[in-house]
Amino acid sequence: MAIKIKQLEITGLRGIRDTLSLALGEKSVLLYGDNGTGKSSISDSVEWYYTDAVSHLSGEEIDLKEALRNAYFASEEESNISVNYNKAVINSQKKLLTKKGKLVSEYSNVTTDFSNYLESSKKENLILRYQFLRDFIDRTKGDKLKNLSDIIGFSEVTKIKDVLRKSFNSLKSEIKSQNFENQINTQKQTLIEKIGAAVSQENNFYEKINEIIADYGTGITVGLMEDVDKVLLKLKTPVTTKIVAELRFLETYQSSLTTLKTEIDLIDKEYDKYFKEFEKIAADVQSIMQTYFAEMLKSGCNLISKKFHTESSCPLCLQPKDLNDLQSEIKVRLLEIEESSKKKAVFDNAKISATAIVDERIKRLATLGSEVLISDTSNSTAKNALDELKKKMEAYKKAISEKVTSGNKIAIPNSLKLVDRDFSELKAVLGRIEKIKKALATDNTTLLFANISAAKDAFQKIKKFEAEREKLEAQKKSLGIIFDGFVKKQKDGLQDFIDNFSDTINEFYQYMNPGELFEEIRIVTMGEENELNGITIEFKYKGNWVSPPQKYFSESHLNCFGISFFLASVIAFNKENKFLLLDDIISSFDTNHRKRFADLLFEKFADYQIILLTHEEQWFQYVKQISKRKGWIIGKIKWTETKGTHLDENPSDLKELVEADLTNGNVTLLGNPIRKYLEYILKTICFNLEVKLNFRYNEVNEKRMPDEMINELKAKINKASAELKLKLPIIERLTSSNVFGNLLSHDNPFDPKIGDLKAFWNDIIEFESVFKCQQSTCTKPQVSLKNYDTVAKKIRCGCDATKYDWK
């Protein structure tokens, strides 16, 4: 069910002191009020109800709750806004009250239904004010993208894309840092040495083992890895274990350090790349520091563009500054920061890659250092050599971990580079390996055991590396396909949305600006390949595509775009609510644009409930005529010191109010409602009988005093109707009343007695009945010259029950 409002009541918020009640019944409402009468008190209250904020009341110096509360409200009084909808379960009141000396707010409805509704509504476009019309246009291309992305949920999709990209890059980095090819080649070298062949298939490996054990009469034919274990078990002797364990350790040590030695170029290449990027950034560290100020500068720019800050000073440092100059400077700074961010991204990538390479080597050295035999006294020299290599790799790690903003220098590549002497222990280890092999040469069985054992280990490592590489490559390939597909879908999806969104914006804009030179307004994405950097606004001007709008549009046209964007957003994004609040948004429009905007609302948003606030008298009169036909509620907002912002009551409301107060004996401030009602019926009678009053300008005519009208009415009756002359006593009773005399001024504060008021009110009702038919079936109850009987020469009501002679 699309949500519309049935009843809106506001008490004690902003300029509203007494309760302002709008019985909307899901209908639209047009409210007119002069500047200062408190129209925005309504929009402020509604905005606070939905968002717990008021956009033009944000700022460090403003306490929102205190700013919201009516200035005349006592601390024990409760300010509130109540909204009843066409879905009763979400009806709620938001209160602002004092608890323990502090102003707090709370909703009366704490159900999940209301909570979910409120959360959904926060994402929708419900309120538009004049000062925010140009918000979207004035934002940077990146901020435009963010703004639109946030609205349509595209930013969440972008986050997923970034996660996919990071995962893809992480896999690439992992494959690179593992250096599988090098590790596999090292193990193949071991295979050549032990069994004379760098086999890579299981069958080939088993054939080779069968070949070298053929002369030993083991009685075993190897066809599985378990068969290799059986062979090793058969060849194993008591002396074999210790010798072979030592040989295995030395060979592992030797192969690990040999592999690391072959990777010196890889390590240095990555560190050198990182070092150069570090130097670039360190030489211009201020540009990187600027990237940390980007969000703050954007916030400052928003404060100015949204007019939250209007003083001629910087909103951040409060130093004197021209706001236009400041805004331009901030935009230049943001462009510079964008360039700095690109440099930082290159640096970050170099750091990630170098870190992964070094961490992998440190991990391998740590694995070697965990071998049991490394702690044997016979291997102390090897251990020391290993520890030195660890220190060198840690030195790389430390240099890469240095913060570029620290001001510290990092080690130049040559000072860290691994050199041959770092691997001098290899020579001694190789010597020990040769010595053991020589000793084993006379013990063929033990040598055979050692070779097969080492070959099995090398072959399994090859298979393990190949499997890991294959798995990572497969993941990288799959992720690459997913990423490319995702980006394409994302761009296509966004483009489809933007195309439709642009069409709607253009439709609304052209509706308000027919036949002008600006055509085909559209939103365009910016960015290359997989990147999406921002969006901008383009349109055809004299047949050519141009941008930005600020360069070509007048203030009125820019505001037309702002309204078009907002209304298109309503159609695109508002899924929960079917109502809008438009607060004085046509102030900069000329007469034609105002008329077209009104027509647009009635034609394109006929099924929406609209709360339309304006202080433009002429536009109000134009919209009022259409609103009446469309069944809108129409009202005027006024402000008095005693009531604050309130609605000007209509005649039926006034009558009910007066009679209720008279019944309850509540005569305080009853003079004005009685005066207003008397003015109303006198205006109606004088209009129907064409009683003429001296000309005055319109705003004065609206305030004709009762005695002016009643005197002219009596004069007219004396000349035109003998029958109505018989009714003059009731008119005389009215004018001779002390109450009538006291009513002859607007906003009269006099304090009459209840009896006098009741008698005066009865005279008013009797006076009204003289000129108004009392038959309930009469469709035109007012006695009027429009119903003049030319034959009988009588004025009459529509059913002819009430009539008087008239000449």
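Now for a description of the structure that goes with this document. (Residues numbered from 1 in each chain as written. Predicted model: local features only at pLDDT ≥ 70, side-chain atom pairs only at ≥ 80, totals over all residues. Heavy atoms only, no water.)

**Some points on the sheet that holds strand β13 (residues 633-640)**
To summarise the sheet geometry, strands pair through backbone hydrogen bonds and adopt either a parallel or an antiparallel arrangement.
Okay, so step 1: With mixed pairing, the 6 strands of this open sheet are ordered in space as β7-β11-β12-β3-β13-β14. Across the chains shown, the open sheet's two edge strands, defined by having one partner strand only, are β7 (127-129) and β14 (644-647). Strand-to-strand twist in this sheet, taken as the mean axis angle between neighbours without regard to direction, amounts to 15°.
Okay, so step 2: The pairing of β13 with β14 spans 4 bridges and is classified as antiparallel. Within β14, the residue paired with Ile637 across the bridge is Leu647. (Pairing = 2+ DSSP bridges. Helix = DSSP H or I, 4+ residues; strand = E, 2+ residues; numbered from the N terminus. Axes fitted to C-alpha atoms, helices over the stretch in contact; angles between N-to-C directions.)

**Concerning the nonpolar core**
Okay, so step 1: In terms of nonpolar packing, the biggest core is built from 74 residues, with Leu191, Phe205, Tyr253, Tyr271, Tyr274 and Ile452 touching the most fellow members.
Okay, so step 2: Looking at which element gives the most residues to this core, the answer is helix α18 (residues 444-512), with 13 residues.
Okay, so step 3: Setting aside its immediate chain neighbours within four residues, Tyr274 contacts Phe347, Ala350, Lys351, Ala354, Ala399, Ile400, Glu402 and Ile410.
Okay, so step 4: Formed by 51 residues, the second largest nonpolar core is a distinct cluster that contains Tyr32, Phe553, Phe561 and Ile626. (Core = buried A, V, L, I, M, F, W, Y, C linked by side-chain atoms within 4.5 Å. Buried < 20%, exposed > 50% of the residue type's maximum accessible area, 1.4 Å probe, protein only. Contact = heavy atoms within 4.5 Å.)

**Here's the deal with the packing of aromatic side chains**
A ring pair, where both rings are aromatic, is described by two values, the distance of the centres and the angle of the planes.
Okay, so step 1: Evaluated as defined, the whole model comprises 37 aromatic pairs.
Okay, so step 2: Between Phe518 and Phe539 the ring centres are 5.6 Å apart and the planes differ by 85°, which places this aromatic pair in the edge-to-face class. On the criterion of sequence distance, the pair formed by Phe518 in strand β8 (residues 518-526) and Phe539 in strand β9 (residues 534-541) is long-range, its members being 21 residues apart.
Okay, so step 3: We classify Phe518 as buried; its relative accessible area is 7%.
Okay, so step 4: Three or more aromatic residues joined by ring pairs form one cluster here, namely Tyr49, Tyr50, Tyr85, Tyr107, Phe114, Tyr117 and Phe579.
Okay, so step 5: A cation over a ring is seen here: Arg522 above Trp545, with NZ or CZ 3.6 Å from the ring centre.
Okay, so step 6: A cation over a ring is seen here: Lys578 above Tyr608, with NZ or CZ 4.3 Å from the ring centre. (Phe/Tyr/Trp six-rings, centres within 6.5 Å; stacked < 30°, edge-to-face > 60°. Lys NZ or Arg CZ within 6 Å of the ring centre and 35° of its normal.)

**Focus on helix α1 (residues 39-51)**
Okay, so step 1: Helix length check: α1 (13 residues) gives 19 Å between terminal C-alpha atoms against 18 Å at 1.5 Å per residue, within 8%.
Okay, so step 2: The element α1 is largely enclosed, with a buried count of 11 among its 13 residues.
Okay, so step 3: Those residues of α1 that fall on the buried side of the exposure criterion are Lys39, Ser41, Ile42, Ser43, Asp44, Ser45, Val46, Glu47, Trp48, Tyr49 and Tyr50.
Okay, so step 4: Just downstream of α1, Asp52 is the residue with a positive phi angle, here 60°. (Expected span 1.5 Å × (residues − 1).)

**Structural notes on the pairing of strand β12 (residues 609-614)**
Okay, so step 1: Extensive coverage of β12 is indicated by the burial of 6 of its 6 residues.
Okay, so step 2: Of the two faces of β12, the one lined by Gln609, Ile611 and Leu613 and the one lined by Ile610, Leu612 and Thr614 are each fully buried.
Okay, so step 3: Pairing of strand β3 (residues 29-33) with β12, which is carried by 4 bridges, proceeds in the parallel orientation. Each bridged residue has a counterpart across the sheet, and for Leu31 the counterpart in β12 is Leu613.
Okay, so step 4: Bridging between strand β11 (residues 579-583) and β12 involves 5 bridges; their strand directions are parallel. Counterpart to Leu582 in the pairing with β12 is Leu612.
Okay, so step 5: This β-α-β element, β11 to helix α21 (residues 591-604) to β12, shows right-handed connectivity. (Right-handed = clockwise from strand over helix to strand, strands pointing away.)

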